[in-house]
Structure formats: C-alpha cells, structure tokens
Amino acid sequence: MTKVWERVERLYDWLVEDGDGRVCTAISDEACREVPYNFFGQLISNTLTKVGDRLANPKTTLAWLLEALAAPSIFTGLIVPLRESGSMLPQIVIAGFVRRLPVRKWVWVVGSVLQAVAVAGMALVALNLSGVAAGWGIVGCLVIFSLARGLCSVASKDVLGKTIPKSRRGRLKGWMSSASGLIAVGVGVLLLVQGRPEGGASVALYAGLLLGAAGLWILAALIFAGLREFEGETDGSDHALKEAFAQMRVLRTDRAFRRFVLVRALAIGSGMGTPFVIALAHQQLGGSVLWLGLFIIADGLAALVAAPLLGRWADRSSRSLLRVAMVGSGLLLVMVAGLSLGALPVAVLQVLFPLIFLLVGVVHSGVRLGRKTYLVDMAEGNQRTTYVAVSNTLIGIMLLASGVVTGLVSLISIPGVLVLFAGAAGLGAFLGRGLPEVGADTNSRK
C-alpha cells in the first residue's frame, strides 16, 4: 500500500510539476497531507461528469436528438438557456443551506445522482415519444438536470477550495478537461465511423449515448463520496430565502466582485454562441451523424490539447487568461458570421466548420477555466460560497434574458446574433483590465 501511495504522489508531482513541494496556500495542514489523494479523486469524478456532459450536450447531441424526434424548433431554442440558467438561478438559496454544512461533498454526490436520473429519463423519452411530447419530455428532464447541476456547482467549488491549494486548482481543472476531451474524441470517432454524409442515425444510438452518460454520473458520485474532506467553516440561518437576498449586498459593498460579475456576464456568448455555430453548420452541411461526430471530436480535441496549458495559465493569471480568451471568442464568432454570408464551396465549408468549432472549443475552455479559477481564488471559506451563489444566480437571470433576446434576433439573422455576442466579449475583455490579480502569488482579497 505504501508503494502505491508513493506512485500516486510521484504521478501527482509530475502532473502539477510540483518540484518545490506542496504549496498549501489557504488550506489546513491536515488537508495538505491529503492533497494528492483528493487531487485524483476530483480529477477522476469530475472527468466522468465532463464526459457525461459531452455525451448529453444540448449544443450538439440534444439538438440533433430533437431534430430526429421531429420536435418543434422552439424546444431546440430552449435547451441551452434552460440548462445553464436552471442550474444557476437557485444557487443563492442552495448556498444558504450549504453554508451550514461542515462537510459539503455529500451535496455534490446527491446532485450527481439526480443528474444521472434526469439523463436516463431523456433516454426513455427518446425511445418512447416523438414530436411535441418528446420536446416537452426532454425539456422537463433537462429542468431536473439543471437544478441538480446547481447543487454540484456550489459544492464543487467549496470542496476544491478546501482540499486543493491555490497554485494547483487551475491545473486540476485543466487535466479534467483534457481527460474528458480524450474520451470524447473516442466517442466522436465511433459516431464518425457509423455516419454517412447523406444518412441519419437511429434514435436508439442517441438514447444509448444518454444512458452511458447516466452511468458515468453514478460512478462519479461513488468516487467523489470517498474524498477526504475535513470539517470547515459554517454559518447561516434557518431562513434560506431571506439569507439569499441578504447575500446580494455583496454587489453593493464589493467593487471588484461587482466588476467580475459584469465581465462574466459579457463572456456568456462564448458558450451561447456555440449552438448558433452548429445551426449554421447544420444548414450548410446537413444533419448527418457524421458531422455530429466531427463536432464532438473537435470539441474533445480542444479540451485534450489546450486545457492543461490553459490550466497552468490560469494558475499564473486567471485574469489575463479570461481576457485573452474573450478576445479570441469574439474574433471567431465574427469569422463564423462572415462565413455564412459568403458563397464558399461546400467542400471548403466541410473543412472550415469543424476547424473553427475546434478553435471555439479552445477559447471557450479558456473562458471557463479563467473565470472559475478566478472565482475560487478571489475568496476563502464561506465568502467563496457567497460569491459563487450570487454570481451564478445573476448570470442565470442574464442567460434567460439573453436567450429571449437572441432568440428573437435569430429569427431575423443568426449572423447578427454572433456579432452581438462578439461585441459583448470585446467589451468584457476591455473591462477585465480593472480586475485585480488573485493568483497564488498575490494576497487574497479582503
């Protein structure tokens, strides 16, 4: 057993390049001794859920599935805003409950199991319903999935902050994305082999992907339950809703946090623009499973290759990563909008769309790693829980609002939506200059 533990520690040192020993900033001494174990526990469990996310991705798989089930297009427009905002809006209330728990990993475990149930429900809907009924069934399961995702979102950042030192959090997230990307590439290759440019795919194939994803969430819950999390700071009252509104005061009193929320809001186009990129590709290339496989491969390669490097960047300066990634996102969205207005040969578009989708995945990974690492590093203890809950709740509201606005604009021009998101990303990158540095080599914000 000792030899196994020594190998685990050597692998941990190699992954994080920990030649100078542990840098246990902002975690307890007892937690410091368990860092390698908790590092791999979170790496494996979160990788499994990230793979599940890719298999049940509303931007790709669910959009294709709704088309295969002949569901009205209005449901396709609902799935991304519902998935994202549904997980964010309740978090300020969830945080009031989580703040009273000295050990918070069990909140994540419950959320993961509920996500598995919801995704399995989508598979059953796909196998038994079609048309409007299928649309409502998928959306209903997605609402349950999103609420359960909110549990995991609040708890995961707290557990990460309690078990992993500052200088290693970005790298952990980077390796999570990279590992899930590798597996996603394998799934995409399988779809690619089965697909033909002129053919579709059976509903059973999509249902199989969803059932496989559900199994991954169950396995992830079992692994996460074994993390060695020690009791930590607690507070909170029995009036969760009243406490939730009280937490909103942080926006008035904390200038830097207020600016972070604004920058993050302007960055949402890096994710919300993706379905519109897919929509344009669908119009130009058709709806074959072959193209779905290529897009899943491109998305997986983006995480596999770029995420570890982006994770190290996030540990050095999550602020600069966030700003650069937002600029890249804006430029790519403008490029896609330009492609849709040109008259390029189909053969050229067949190469350009997967390539651009790969680059979109890279910059979106940068945005996600940058903002998540920044948020975890900018506070400690229960203040982190407040920051996560308040920011996610506000972003959830903005997602719903932007979903309505962009949905209306898309009826007129999908390229117009992409240009709108690109402009927001550019403005966010500019405002991000005012964010303070919060990495391991800087003092924690007060």
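Above: the structure in question.
Residues numbered from 1 in each chain as written. Predicted model: local features only at pLDDT ≥ 70, side-chain atom pairs only at ≥ 80, totals over all residues. Heavy atoms only, no water.

S.K.: Go over unusual backbone geometry with me, naming the residues and quoting the values.
M.R.: Unlike most non-glycine residues, Ala70 shows phi in positive territory, near 60°. Tracing the chain through its elements places Ala70 in the loop between helix 4 (61-68) and helix 5 (73-88). (Helix = DSSP H or I, 4+ residues; strand = E, 2+ residues; numbered from the N terminus.)

S.K.: Quick rundown of the environment of Leu339? Include the residues and the values.
M.R.: Within the secondary structure layout, Leu339 lies in helix 16 (residues 289-341). Counting along the chain gives 59 residues from Leu339 to Leu280, while the straight-line C-alpha distance between them is 9.3 Å.

S.K.: Just give me the short version of helix 8 (residues 131-163), but keep the residues and values in it.
M.R.: With 33 residues, helix 8 should cover 48 Å at 1.5 Å per step; its first-to-last C-alpha distance of 47 Å lies within 8% of that length. With 25 of its 33 residues buried, helix 8 lies for the most part within the structure. (Expected span 1.5 Å × (residues − 1). Buried < 20%, exposed > 50% of the residue type's maximum accessible area, 1.4 Å probe, protein only.)

S.K.: For the environment of Gly271, give the residues involved together with the corresponding values.
M.R.: Structurally, the position occupied by Gly271 is in helix 14 (residues 269-272). A relative accessible area of 8% places Gly271 in the buried class. For Gly271 and His364, which are 93 residues apart along the polypeptide, the C-alpha to C-alpha distance reads 6.5 Å.

S.K.: How would you explain the nonpolar core if you had to name every residue and give the values?
M.R.: In terms of nonpolar packing, the biggest core is built from 85 residues, with Leu65, Val119, Met122, Leu210, Phe295, Phe353 and Leu418 touching the most fellow members. Excluding its chain neighbours within four sequence positions, the residues that come into contact with Val119 are Ala56, Phe145, Leu210, Ala213, Ala214 and Trp217. (Core = buried A, V, L, I, M, F, W, Y, C linked by side-chain atoms within 4.5 Å. Contact = heavy atoms within 4.5 Å.)

S.K.: Account for helix 4, with residues named and values stated.
M.R.: For helix 4, a buried count of 6 out of 8 residues is recorded, marking the element as mostly surrounded by other parts of the structure. Within helix 4, the full set of buried residues consists of Thr61, Leu62, Ala63, Trp64, Leu65 and Leu66. Note on helix 4: the residue one or two positions beyond its end, Ala70, has a positive phi of about 60°.

S.K.: Can you break down the pattern of salt bridges residue by residue, with the values?
M.R.: Throughout the structure, instances matching the rule amount to 3 salt bridges. In this structure, Asp53 and Arg83 form a salt bridge, with 3.2 Å as the shortest nitrogen-oxygen distance. Of this pair, Asp53 sits in helix 3 (residues 35-55) while Arg83 is found in helix 5, placing the two residues 30 residues apart along the sequence. Arg83 shares its class with Asp53; the two are buried. Glu437 is the salt-bridge partner of Arg319, the closest N and O atoms lying 3.5 Å from each other. Of this pair, Arg319 sits in helix 16 while Glu437 sits in the segment after helix 19 (414-431), and the two are 118 residues apart along the sequence. What makes Arg319 partly exposed here is its relative accessible area of 22%. Residues participating in the shared-partner salt-bridge network are Asp53, Arg83 and Arg149. (Salt bridge = Lys/Arg side-chain N within 4 Å of Asp/Glu carboxyl O.)

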